[in-house]
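Residue-level structure breakdown
The residues making up each chain are set out below.
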Amino acid sequence: MSNMKPKIKKSEDEWRKILTPEEFHVLREKGTERPFTGKYVNYKQEGTFVCAGCGNELFSSNAKFDSGTGWPSFWAPISKDSIKIEPDNSLGIRRSEILCSRCGGHLGHVFEDGPKPTGRRFCINSAALHFEEKQSV
Ligand code: FE
């Protein structure tokens, strides 16, 4: 599935129109926000984090944990189909990049030093996310 084509395709100009400069830098240019600067680092509301580019549901607040890294961190995505993971050897480091499966936007990287139950740490840029509050029943 790693060569799965994004379901949403836009030109660079189209993305620039709908994203903030910060969102564009992270999602479309694979940028990384400085640690402890993003709006969701210490965010504790219950709900769903969606892709800032396309609204795809990515992470539940139930899987969020405090990693101490300065970036919002999750131990699992909402579903394995909501993201895709690709090898990233930029900066001379072997890492695994996390992309939105719907628009192909860059979200962050996944590491194998997370907490139970998965042992994984999905390290995500706040600028790649929007938050949708849990609807009261
Ligand atoms: Fe997306």
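Located above this text is the structure these notes cover.
Here the structure is a predicted model, which is why all the values come from computation and not from measurement.

**Regarding unusual backbone geometry**
The omega torsion across lysine 116 and proline 117 is 10°, close enough to zero to call that bond cis. Along the chain, proline 117 turns up in the loop between strand 7 (106-111) and strand 8 (121-124). For lysine 30, which is not glycine, the phi torsion reads 55° and is therefore positive. Looking at where lysine 30 falls in the secondary structure, it is placed in the loop between helix 2 (21-29) and strand 1 (47-51). Given a relative accessible area of 48%, lysine 30 falls into the partly exposed group.

**Quick word on the sheet that holds strand 8**
Overall, antiparallel pairing links the six strands, which are arranged 3-4-8-7-6-5 in an open sheet. At either end of the open sheet lies a strand with only one pairing partner, and these are strand 3 (64-65) and strand 5 (83-88). Direction of pairing for strand 4 (residues 73-74) relative to strand 8: antiparallel, over a ladder of two bridges. Bridging from a neighbouring strand, serine 73 pairs with cysteine 123 of strand 8.

**Side note on the coordination of the iron ion**
The protein atoms that coordinate the iron ion are Cys51 (SG), Cys54 (SG), Cys100 (SG) and Cys103 (SG), at distances spanning 2.3 to 2.4 Å. Its four donor atoms give the iron ion angles of 100 to 116° at the centre, a pattern that matches the tetrahedral case. Sequence positions of the donors to the iron ion reduce to the motif C-x2-C-x45-C-x2-C. Here cysteine 54, found in the loop between strand 1 and strand 2 (57-60), pairs with cysteine 103, found in the loop between strand 6 (95-100) and strand 7; they are 49 residues apart in sequence, far enough to count as distant. On the accessibility criterion, cysteine 54 (17% relative accessible area) is buried. On the basis of relative accessible area, cysteine 103 is assigned to the buried category, the value being 2%.

Reading guide: rules and limits
- Residues numbered from 1 in each chain as written.
- Predicted model: local features only at pLDDT ≥ 70, side-chain atom pairs only at ≥ 80, totals over all residues.
- Heavy atoms only, no water.
- Helix = DSSP H or I, 4+ residues; strand = E, 2+ residues; numbered from the N terminus.
- Buried < 20%, exposed > 50% of the residue type's maximum accessible area, 1.4 Å probe, protein only.
- Pairing = 2+ DSSP bridges.
- Donors = N, O, S within 2.8 Å, 3.2 Å for Na, K, Ca; no water.
- Tetrahedral: all angles 85-135°; square planar, octahedral: opposite > 155°, others 65-115°.

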